[in-house]
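Per-entry structural report
Each chain, letter by letter, is given below.
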Amino acid sequence: MSARILVTGGAGFIGSHLCERLVKEGNEVICLDNYFTGSKANIAFLMDYRNFELLRHDITMPVYLEVDFIYNLACPASPVHYQYNPVKTIKTNVMGAINVLGLAKRVKARVLQASTSEVYGDPSVHPQQETYWGNVNPIGLRSCYDEGKRVAETLFFDYHRQNGVDIRVMRIFNTYGPRMHPHDGRVVSNFIVQALRGEEITVYGSGDQSRSFCYVDDLVEAMVRLMHQRETVGPVNVGNPEEVTIRQLAMKIISETGSSSRLVERPAPQDDPRRRRPDISRARDTLKWEPSIGLDEGLKKTTAYFRSLHS
């Protein structure tokens, strides 16, 4: 059966892939976005579908709709964007959560929060399990995002306990793929754009810090599974447990693009995590999910997308 589904931040990188999946499954999808980091170009092709609706709105303001499910993805997710207006970022996280939870409470919708691995901060345990409380600087440059997402999780669980709102919480680790903003400052998009232009590839820090990268199609699959299972409300880590250093990632991208770019080191930003890798045992157990697209395959698809932008 088709459902009425609201996707906040639906014109963004991940949101547009989620909207595409839900529309093609036959659901009635409302994409809500204020286009701060999202783009109409990401969802323009969906305008041909009669079951897709686009709503320009800022989720820091209440919205009144009749829906069955809500995916709350609205928030700038890259440091370049969320540090541009940090007060707005924390407003989007906190007031946005209050508004989608209020809507879910009123219409008895199930609501999923797209949280983040940033709630773990610069972790002192590795890999990170959902039981880990994190190591976060509450007053740093990244705090508007990290603490905003942590408060949003608090709100979700308090609305669940106090008001019986049907929630799901997903902690998203580094995700990449087509429709990433070419200038969002994230490491995959940065490296690919620099490599395709033949520019120096900027490595912040020594390059020995590690990350794990999940392809967007795998992430969307997990998101839909989490929404529709009844075993857990979360939080559930979703990401790829295959860990690579930033330097290794750069070399893979140079190889994939055939670039002559060389690496240059720059100072690491404040509170940049040294290691980041999810323990996805809970996702494997409750969602029967694990990533199926490896880094080499995903980088090939992502590089092809960025080539198309430059052609």
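Parameters and conventions
Residues numbered from 1 in each chain as written. Predicted model: local features only at pLDDT ≥ 70, side-chain atom pairs only at ≥ 80, totals over all residues. Heavy atoms only, no water. Helix = DSSP H or I, 4+ residues; strand = E, 2+ residues; numbered from the N terminus. Rg over C-alpha atoms; globule rule 2.2 N^0.38 Å. Buried < 20%, exposed > 50% of the residue type's maximum accessible area, 1.4 Å probe, protein only. Contact = heavy atoms within 4.5 Å. Areas by Shrake-Rupley, 256 points an atom, 1.4 Å probe, with all protein chains shown as cover. Lys, Arg positive; Asp, Glu negative; His and termini not counted. Charge placed at Lys NZ, Arg CZ, Asp CG, Glu CD. Pairing = 2+ DSSP bridges. Axes fitted to C-alpha atoms, helices over the stretch in contact; angles between N-to-C directions. 1 Å grid on protein atoms, 1.4 Å probe; cavity = no way out; pocket = protein on both sides within 12 Å on 5 of 7 lines; lining within 4 Å. Points joined across faces, edges and corners; volume = space filled by probe spheres on them. Nonpolar A, V, L, I, M, F, W, Y, C, P; charged D, E, K, R; others polar. Salt bridge = Lys/Arg side-chain N within 4 Å of Asp/Glu carboxyl O. Disulfide = S-S within 2.5 Å.

All right, on to the overall build of the protein chain then. Scanning the protein chain from N- to C-terminus turns up 10 helices and 13 strands. Computed over C-alpha atoms, the radius of gyration of the protein chain comes to 19 Å, within 12% of the 19 Å expected from 2.2 N^0.38 for 311 residues, which places it in the range of a compact globule. Considering only C-alpha atoms, the protein chain reaches an extent of 55 × 45 × 40 Å along its principal axes. By residue count, 56% of the 311 residues in the protein chain fall in the buried class. Counted over contacts in the protein chain with a minimum sequence separation of 6, partners at least 24 positions apart contribute 81%. Of the accessible surface of the protein chain, which amounts to about 13600 Å², a share of 50% is contributed by carbon and sulfur atoms. Side-chain charges of the protein chain comprise 38 positive and 36 negative groups, with the mean position of each set lying 2 Å from the other.

Outside of glycine, negative phi angles account for most residues, and trans bonds account for most peptide bonds. With omega at -10°, the peptide bond leading from H126 into P127 counts as cis. With respect to the element layout, P127 can be found in the loop between strand 5 (110-116) and helix 5 (143-163). The omega angle of the peptide bond from G234 to P235 is 5°, so this bond is cis rather than trans. Along the chain, the position of P235 falls in the loop between helix 7 (216-228) and strand 11 (236-238). Of note in the backbone geometry, R179 takes a positive phi value of approximately 80° without being a glycine. Structurally, R179 is set in the loop between strand 7 (175-176) and helix 6 (187-197).

A separate point is the sheet that holds strand 4 (residues 69-72). Sheet architecture is open: 7 strands sit in the order 3-2-1-4-5-6-11, paired in parallel fashion. Strands at the two margins of the open sheet, each flanked by one partner only, are strand 3 (52-56) and strand 11. The average undirected angle you get between the axes of adjacent strands in this sheet is 20°. Note that strand 6 (residues 167-172) and strand 11 share 3 bridges and pair parallel. For M170, the partnering residue across the bridge sits in strand 11 and is V236. The strands that helix 4 (residues 86-107) touches are strand 1 (4-8), strand 4, strand 5 and strand 6; relative to strand 4, the one it contacts most, it runs at about 175°. Seen against the sheet, helix 5 touches strand 5 and strand 6 and runs at an angle of roughly 155° to strand 5.

Turning our eyes to something else, we now look at empty space enclosed by the protein. Counting across every chain of the model gives 1 cavity of 30 Å³ or more. Size it by volume and the largest cavity reaches roughly 30 Å³. N72, A74, C75, T92, N93, G96, A97, Q113 and K149 together form the lining of the largest cavity. In terms of residue count, helix 4 provides more of the lining of the largest cavity than any other element does, 4 residues in total. Looking at the lining of the largest cavity, its residues break down into 3 nonpolar, 5 polar and 1 charged.

Below, the discussion takes up the pattern of salt bridges. Overall, the coordinates contain 24 salt bridges when judged by the stated rule. A salt bridge links E20 to K24; the shortest N-O distance between them is 2.8 Å. Placement of both E20 and K24 in helix 1 (residues 13-24) is noted, with a separation of 4 residues, approximately one turn of the helix. Of the charged contacts in the structure, one is a salt bridge between E243 and R277, with a shortest N-O distance of 3.0 Å. Separated by 34 residues along the polypeptide, E243 in strand 12 (residues 243-245) and R277 in the loop between strand 13 (263-266) and helix 9 (281-287) bring together distant segments of the chain. The exposure class of R277 is partly exposed, given its relative accessible area of 23%. Linked by salt bridges that have partners in common, R21, E25, E221 and R225 make up one network.

The next thing to look at is the state of the cysteines. Under the criterion given, the structure shown has 0 disulfides. The structure places no disulfide on C19, whose sulfur is separated from the nearest cysteine sulfur, that of C31, by 4.3 Å. No disulfide involves C144; its nearest neighbouring cysteine sulfur is the one of C75, lying 8.0 Å away.

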